[in-house]
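# Examination of the molecular architecture
Residue strings, one per chain:
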Amino acid sequence: MNQVIDPDLAAFMESPVMVVLATRSAAMRPAIARAVGVRLSPDRAVADLFVSRAQWPQAVDGLQPGAAMAVTVCNPPDYRTYQIKGRLAEVAPADADDHAVAGGYMSAVGQVLAELGVSRRQIASWLTTEDLLRLRLIPMSAFVQTPGPGAGAARTSGAEGAA
Amino acid sequence: MSIPLRRLGNCFEGVIPSIVATLDTNGIPNVSYLSQVHMVDDDHVALSNQFFSKTLANVQETGRASVLVVDGRNGDQYELDLEFERATQSGETFARIALHIEATAAQHGSGIAWGLRSADIYRVVDCRAVPSPPDVADEPVEPVRGDILPAAARVVSDIAAAADPDAMLDRVLDGLTQDFGYSNAIVLVMDGRGDRLTTLGSRGYPLGGVGSETPLGLGAIGMAAATGRPVRISDMSRGRRFAAAVRGDAGPDPSRIIPLPGLAEPQSQLAAPMISHAQTRGVLFVEDEQRFRFTQADEDILVMIAAQLAACLRLWDLEGAGGSRPASDRAQAAAPGPAFRVRYYAFDDSLFIDDAYLIKGVPGRLLFYFLTAHSETGRVDFTNRELRLDAALRLPDLKDNLETRLILLRRRLEEKAAPVRLTRPGRGHIRLELSGVPHLEVVAGPA
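A few words on the overall build of chain B. Across its full length, chain B holds 10 helices and 20 strands. Expressed as a percentage of the 447 residues in chain B, the buried residues total 47%. By sequence separation, contacts in chain B at least 24 residues apart represent 68% of the contacts at least 6 residues apart.

Moving on, we come to the overall build of chain A. A count of helices and strands for chain A gives 4 helices and 7 strands. Along chain A, helices (α) and strands (β) appear in the sequence α-β-β-β-β-α-β-β-α-α-β when read from the amino end. For chain A, with 163 residues in total, the buried portion stands at 46%. Within chain A, counting contacts between residues at least 6 apart in sequence, those at least 24 apart form 68% of the total.

Now for the pairing of strand β1 (residues 18–23) of chain B. Residues in a regular strand project their side chains so that they alternate between the two faces of the sheet. Residue and element names in this part refer to chain B. Among the 6 residues of β1, 6 are classified as buried, and the element is accordingly described as predominantly covered. Alternating positions in β1 separate into two faces, Ser-18, Val-20 and Thr-22 on one and Ile-19, Ala-21 and Leu-23 on the other, with burial throughout. Where β1 and strand β2 (residues 29–34) come together, 6 bridges link them in antiparallel fashion. Bridge pairing in β2 places Leu-23 opposite Pro-29. Hairpin geometry of β1 and β2 is characterised by an intervening segment of 5 residues between the two adjacent antiparallel strands and by a positive phi of about 85° at Gly-27. Note that β1 and strand β5 (residues 64–70) share 3 bridges and pair antiparallel. Note on β5: the bridge partner recorded for Ile-19 is Leu-68.

It is worth spelling out the environment of Arg-411 of chain B at this point. Residue and element names in this part refer to chain B. Among the structural elements, Arg-411 can be located in helix α10 (residues 402–415). Taking the C-alpha atoms as reference, Arg-411 lies 8.7 Å from Gly-211; in sequence the two are 200 residues apart. For Arg-411, the contacting residues outside a window of four places in its chain are Gly-201 and Val-210.

A word on the environment of Val-40 of chain B. Residues and elements named next belong to chain B. On the secondary structure map, Val-40 appears in strand β3 (residues 37–41). Residues Val-40 and Arg-6 lie 34 residues apart in sequence; the distance between their C-alpha atoms is 9.6 Å. Look past the residues within four positions of Val-40 in its chain and what remains in contact with it is Val-45, Ala-46, Thr-93 and Ile-121.

Right, let's talk about the pairing of strand β7 (residues 132–144) of chain A for a bit. The sheet contact formed by strand β4 (residues 47–52) of chain A and β7 of chain A spans 6 bridges and is antiparallel. Each bridged residue has a counterpart across the sheet, and for Phe-50 of chain A the counterpart in β7 of chain A is Arg-134 of chain A.

Every contact between the two is made by 37 residues of chain B and, on the other side, 37 residues of chain A. Elements that contribute at least two residues to the side of chain B that touches chain A include exactly β1, β2, α1 (53–62), β5 and β6 (77–88) of chain B. It is β2 of chain B that contributes the most residues to the side of chain B that touches chain A, 5 residues altogether.

To continue, consider the environment of Arg-80 of chain A. Residue and element names in this part refer to chain A. Within the secondary structure layout, Arg-80 lies in strand β6 (residues 80–93). With 15 C-beta atoms packed within 10 Å, Arg-80 lands in the partly exposed category. For the pair Arg-80 and Val-144, spaced 64 residues apart in the sequence, the C-alpha separation amounts to 8.4 Å. Those residues in contact with Arg-80 that sit more than four places away from it in its chain are Asn-75 and Thr-146.

Attention now moves to the sheet that holds strand β16 (residues 356–359) of chain B. Residues and elements named next belong to chain B. Strand order in the open sheet made by the 4 strands is β16-β15-β14-β20, with mixed pairing throughout. Lying at the two open borders of the sheet, with one neighbouring strand each, are β16 and β20 (437–443). When strand polarity is set aside, the average angle formed by the axes of neighbouring strands in this sheet is 30°. In this structure, strand β15 (residues 350–353) lies alongside β16, joined through 3 bridges in antiparallel fashion. Considered in β16, the bridge of Phe-352 is made with Tyr-357. In the packing of helix α8 (residues 362–377) onto the sheet, contacts are made with β14 (339–345), β15, β16 and β20, and the angle to β20 comes to roughly 120°.

Residues and elements named next belong to chain B. Mean pLDDT over chain B: 84, with 85% of residues reaching 70 or higher. Contacts of residues 239–251 to residues separated by more than four positions or lying in other chains number 23 contacts, the stretch itself having pLDDT below 50. The complex prediction reports pTM at 0.69, with the ipTM value standing at 0.93.

Let us now look at unusual backbone geometry. The backbone of Tyr-79 of chain A shows a phi angle near 65°, a positive value even though the residue is not glycine. Tracing the sequence through the fold places Tyr-79 of chain A in the loop between β5 (68–75) and β6. Judged by C-beta crowding, with 15 C-beta atoms within 10 Å, Tyr-79 of chain A ranks as partly exposed. Even without being a glycine, His-277 of chain B presents a positive backbone phi close to 55°. Take His-277 of chain B: it is sitting in the loop between β12 (268–276) and β13 (279–288).

Calculation notes
Residues numbered from 1 in each chain as written. Chains lettered and ligands numbered in written order. Predicted model: local features only at pLDDT ≥ 70, side-chain atom pairs only at ≥ 80, totals over all residues. Helix = DSSP H or I, 4+ residues; strand = E, 2+ residues; numbered from the N terminus. Buried ≥ 20, exposed ≤ 12 C-beta atoms within 10 Å, placed from the backbone. Contact = placed C-beta atoms within 7 Å. Pairing = 2+ DSSP bridges. Axes fitted to C-alpha atoms, helices over the stretch in contact; angles between N-to-C directions. pLDDT = per-residue confidence, 0-100.

So, in structure tokens, the structure goes:
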């Protein structure tokens, strides 16, 4: 029944794209983190994002189920970008399967970035699985956010507000 | 402890996109990429307001944003907590961002001018380093070049100490390539009409391109000249090469075009206006095939050297009363070499030697003047003063830039290995040297 994430968008989110997210921190400020990989449930109703708590404590410390979160996924070679907004269903330490997804993502996106001329040092600074968390998101709306005047349009009908 | 922004210089180059996050009044986050965060001072940044509308709406509601900026050299990340202060539609910061956006848009060849509505100024209430994984230390950092300030001081002093404008120009070109290690450099001067720039000299290209032209307002060079501000582009890989489009602009008559020197695949470009007495008199330009080649420090250095060169060239022209009479009135005996044909088109002052295009405009008119005087009287010695005073030259705009036109002409003759050359036996003097006998021909209208 969930039509927020269509199959194309799901495939895009699981491809080697850059994933950034924002939450409301414990200090009630916007806080930013990078995720190392996304995994959609088969029905696309749930998206798991993997985030290093060691690197992004402001964004993930104290996050509780029900918290609002925004995720932007961007394909570095062409800047195709979408934003997905939703609520957290669960926050848990990553298990072995999660680590496998994150590991696969990191090597794939590392290759994409390297081909674009990003150095190993830069890539290594952004991608880590240290103290990895699994953030389980229930997507509620999706927006086109490729840079340009069209940014902010709802990707799915019925989505409220602009990104 | 909040980190001072000036220590984050490499984060504001726009190499790695920044990220901005906001909350609406219900606490719902929004997260978006933005191409560049601009540093205003140690605790203020500016964000360009072009089209991130939800971010803007949230900031209007809450006055807050967070941005993540990334060091373009080593990948280090910093999160900045921001409080909105004001939107500005004018002033230094606005002009700098607007020019950057325009230059980048032009570079991408999109043809879309996403106008800058305002530059939004934020106070940085906190700046935190994002911890990098410990194994990052194993990866090499892009090498940082040594402090370039001592080299800048050397070059600037040498320009001031140079004996004549030719030496100044060579010192600048050598300085850019040798002292600073830039692979490709060009010095251009503004055309008398103020709508084009003409190449005075270059380094690093297969063809020197002396006398080649590029229009005002186009490309990094043209935009620096048009706005009087430096233009720096760090990554040209994202779109069509604008420089190529400029080079393809052959104009109405391709037979009178000298190709502008330029890299086929530039990634980084930096152009600084040569300003003196509140007027843009030319542009210093460097480019490179590497991305992120030029930093803020390179921009500062180029601005400094450009100003010094502009001031020294202008001073030379203003003091150019030297050589009030010709060094000698001696006539040169008929040159021993073979005859050559000089064809002069009065309508655009273009000059051809043995059917090969040499130059047009003021330098063309000057050379024709020398050759005519020589053919009538045998004279080979001339002075700057007589050139300024001679009504026949019709040179009202030469007061400020005679020297640069003479340099242009002299270097073009050398580059073409022409049978006529100019030398400078003393300050304010010009000597014609012929290795053949010129036969002059005047054409009134276009060929």
